[in-house]
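Descriptive structure summary
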Amino acid sequence: MSDKTPKTHPGAVLVSMSIDWAIAFGAVAVLLIASLLVSPLLLPFIGFLLVFAITSYIKSDKMYGRGASPLILIVGRIAVGWSSVIMLAINILFTPWLVGRVLHLELYNDEIPFITSLVTFPVLAVVCAVTLFRAGNMRHFVEARQRRGVFSSDTTLTTIYYRETRYQTQVLLILSLVISAAEYWYYFTRYINSNLNSPDRFFFIYMPVAVYILSVVFMFGRYGSMIPVFELLRGAMPENSTVLRYLVFCGDEILLRKNPVGKLDTPAETVLNRQGQLPEEEARLLFTEMTGMSDFGIKYMFTGSGFAAGPDIMLYSVFVRPEDKEKMISDFSDGGSWHNLYSLDAALKDGSAAPELANEIYRIYTITMAWKTYDRDGRRLYPIKHYRPTFRLRDLKDWTVDYDDLSWFGVAGNNEDRPFFRLRKLWNRLTTMFNSRINARG
């Protein structure tokens, strides 16, 4: 059964990007304001509550329905989380709060063990820099996109969206660097470590919060002005359409050809002017019309939601006989070639595979390996720790796992072979309490 959600209007996606910015940067602002109101000993725990709140929001129905990668939210969550860990470590090591002073520093003030902005903004800068450098490979961001079946370059709207998520991260990096520089200049040249007077509060709290407010106004203005552009582009997109794709297999090989931009992809793709489930017999007939072949096996894989109002993407696998291998190449006008699993893996690693194909193989492999290794609760099916079953393309037609069931991604990410399995499971249960789809699956 397809695990789909009604897609968000493109204009609403732009507004939600502004909201994401307000939440991600706002979490840092909340920590700064909280430092005026609560003891430094409690401040790290407020940070952990903010991490919980952002994580719950990311996993909520609202974010799932958008079908897009919440990059800036993940950046904010990581930054606040690590900042809270650092502040908690300072409280433990340098104050008599928990286990007595572990480290002793001259001129250290127990009443002000740390200044929040001197911790959060350098951490935020580091997280933004690492994100910009490794965003394409970091597990948080890869899974946020690929588990939804969203293609990173399937439409112009998608390209604009992902460009803007990178732009937001770049802006946040610049702001965090500038604020960090100003804060440390003031700390080393003007600050006296006895209390926080009015100028201290201005530099360490009010000024960063003011920058946050101005940035929120800027982001809402920027994306509000882009809504007409998105509406214009949306007008050129097919309404209620479905991209039907076939992965063609013969034994342990898959048929691929270079697409118009030079990336390896399946040669079998067509567009249907409707949405909804496609019966297997109709999918078989369409493939026969495409290739002229009638003797082949076919299997429904999954349906992925396109970006915002874009078309859905439905995937079928086709299995041809060895004697039809060469004929299959000639049936497509632009030809193609057969690739084994090692060649496919190399194409995925060096970036020569199309994003669509990479996302499909990622989903098939991840769900299959989780299903073959663990039960739905993440417990091993075999009494061998870190056991990895075989993955062969020839077996795909026989596997009975539901590739529309995204809960297997959760099993792949948290199971008995991962550290802190039960603690992670509890965390996931708490942070998904606002996602009715996950709760409905149990």
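1. Some details on the overall build of the chain
- Helix and strand counts for the chain stand at 15 helices and seven strands.
- Per-residue burial over the chain gives 50% buried out of 442 residues.
- If you sum the accessible surface of the chain, you get close to 20800 Å²; carbon and sulfur atoms cover 62% of it.

2. Here's the deal with the side chain of T366
- As for its placement among the helices and strands, T366 is situated in helix 12 (residues 355–373).
- Polar side-chain contacts of T366 include one of 2.7 Å to the backbone oxygen of Y362.
- Other than its neighbours up to four places away in sequence, T366 contacts F409 and A412.

3. Re helix 4 (residues 71–94)
- For helix 4, with 24 residues, the first-to-last C-alpha span of 34 Å sits near the 34 Å given by 1.5 Å per residue.
- For helix 4, the buried fraction is high: 18 of the 24 residues fall into the buried class.

4. A short note on the pattern of salt bridges
- One pass over the structure, following the stated rule, counts 16 salt bridges.
- With a shortest N-O distance of 2.9 Å, E164 and R222 are connected by a salt bridge. You can see E164 sitting in helix 7 (residues 156–189) and its partner R222 sitting in helix 8 (residues 198–235), a full 58 residues away along the chain.
- On the basis of relative accessible area, E164 is assigned to the buried category, the value being 1%.
- Beyond isolated ion pairs, a larger network of salt bridges with shared partners links R245, D265, E269 and E360.

5. Points about unusual backbone geometry
- Positioned with a positive phi, H386 is a non-glycine residue whose angle comes to about 60°.
- One can find H386 in the loop between helix 12 and helix 13 (407–413).
- Unusually for a residue other than glycine, F420 sits at a positive phi of about 55°.
- Position of F420 among the secondary structure elements: in the loop between helix 13 and helix 14 (421–431).

6. Quick word on the packing of helix 2 (residues 43–58) against helix 14
- The contact between helix 2 and helix 14 brings their axes to 9 Å, and the two run at 65°. By the angle between their directions, the pair helix 2 and helix 14 is classed as roughly perpendicular. On helix 14, the residues that touch V51, F52, T55 and S56 of helix 2 are W427, L430 and T431.

7. Notes on the nonpolar core
- By size, the foremost hydrophobic cluster in this structure holds 59 residues, and its most contacted members are W21, F25, V80, F121, L124, L172 and F204.
- Secondary structure elements with two or more residues in this core: helix 1 (10–37), helix 2, helix 4, helix 5 (116–134), helix 7 and helix 8.
- With 13 residues, helix 1 is the single largest residue contributor to this core.
- Here L124 is in contact with V28, V75, A79, L172 and S176, once residues within four sequence places are set aside.
- Within the second largest apolar cluster, 30 residues are counted, among which are I364, I367, Y374 and L406.

8. Thoughts on the confidence of the model for the chain
- When the pLDDT values of the chain are averaged, the result is 84; 81% of them are 70 or greater.
- In this model residues 149–154 is a low-confidence stretch, pLDDT under 50, and it forms 27 contacts with partners more than four residues away in sequence or in other chains.

9. Points about the environment of R201
- As for its position among the elements, R201 is in helix 8.
- Placed 169 residues apart in sequence, R201 and L32 show a C-alpha to C-alpha distance of 9.9 Å.
- Apart from residues lying up to four places away in sequence, R201 is in contact with L36, L196 and Y206.
- In terms of polar contacts, R201 uses its side chain to reach the backbone carbonyl oxygen of L196, at 2.6 Å.

10. A few points about the pairing of strand 2 (residues 253–258)
- Of the strand pairs in this sheet, strand 1 (residues 242–250) and strand 2 are connected by two bridges, and their pairing is antiparallel. Bridge pairing in strand 2 places F249 opposite I254.
- Counting the residues between successive antiparallel strands, the hairpin from strand 1 to strand 2 contains two residues, one of them, G251, with a positive phi of roughly 60°.
- Summarising the sheet, strand 2 and strand 7 (residues 337–340) pair through four bridges and their orientation is antiparallel. Bridged to E253 within strand 7 is N340.
- The pairing of strand 2 with strand 3 (residues 264–265) spans two bridges and is classified as antiparallel.

11. Brief notes about a nonpolar patch on the surface
- Together, F420, L423, L426, L430, M433 and F434 make up an exposed nonpolar region whose accessible area comes to about 640 Å².
- Judged by its relative accessible area of 63%, F420 falls in the exposed class.

12. Here's the deal with the packing of aromatic side chains
- Within the structure shown, the criterion is met by 22 aromatic pairs.
- Ring centres of F249 and F319 lie 5.9 Å apart, and the angle between their planes is 20°; on these two criteria the pair is classed as stacked. Of the two residues, F249 sits in strand 1 while F319 sits in strand 6 (residues 312–319), which places them 70 residues apart along the sequence.
- Exposure remark for F249: the relative accessible area of 1% places this residue in the buried category.
- Grouping aromatic residues by their ring pairs yields a cluster made of Y184, W185, Y186, Y187, F188, Y191, F202, F203 and F204.
- When the ring centre of F296 is taken as reference, the NZ or CZ atom of R284 above it lies at 4.7 Å.
- When the ring centre of F302 is taken as origin, the NZ or CZ atom of R363, which lies over that ring, is 4.0 Å away.

Rules of the game
- Residues numbered from 1 in each chain as written.
- Predicted model: local features only at pLDDT ≥ 70, side-chain atom pairs only at ≥ 80, totals over all residues.
- Heavy atoms only, no water.
- Helix = DSSP H or I, 4+ residues; strand = E, 2+ residues; numbered from the N terminus.
- Buried < 20%, exposed > 50% of the residue type's maximum accessible area, 1.4 Å probe, protein only.
- Areas by Shrake-Rupley, 256 points an atom, 1.4 Å probe, with all protein chains shown as cover.
- Polar contact = N/O pair within 3.5 Å; in protein donor to acceptor, adjacent residues only side chain to side chain.
- Contact = heavy atoms within 4.5 Å.
- Expected span 1.5 Å × (residues − 1).
- Salt bridge = Lys/Arg side-chain N within 4 Å of Asp/Glu carboxyl O.
- Axes fitted to C-alpha atoms, helices over the stretch in contact; angles between N-to-C directions.
- Parallel < 35°, antiparallel > 145°, perpendicular 65-115°, else oblique.
- Core = buried A, V, L, I, M, F, W, Y, C linked by side-chain atoms within 4.5 Å.
- pLDDT = per-residue confidence, 0-100.
- Pairing = 2+ DSSP bridges.
- Patch = residues over 30% accessible without salt bridge, like charges linked within 9 Å, V, L, I, M, F, W, Y side chains within 5 Å.
- Phe/Tyr/Trp six-rings, centres within 6.5 Å; stacked < 30°, edge-to-face > 60°.
- Lys NZ or Arg CZ within 6 Å of the ring centre and 35° of its normal.

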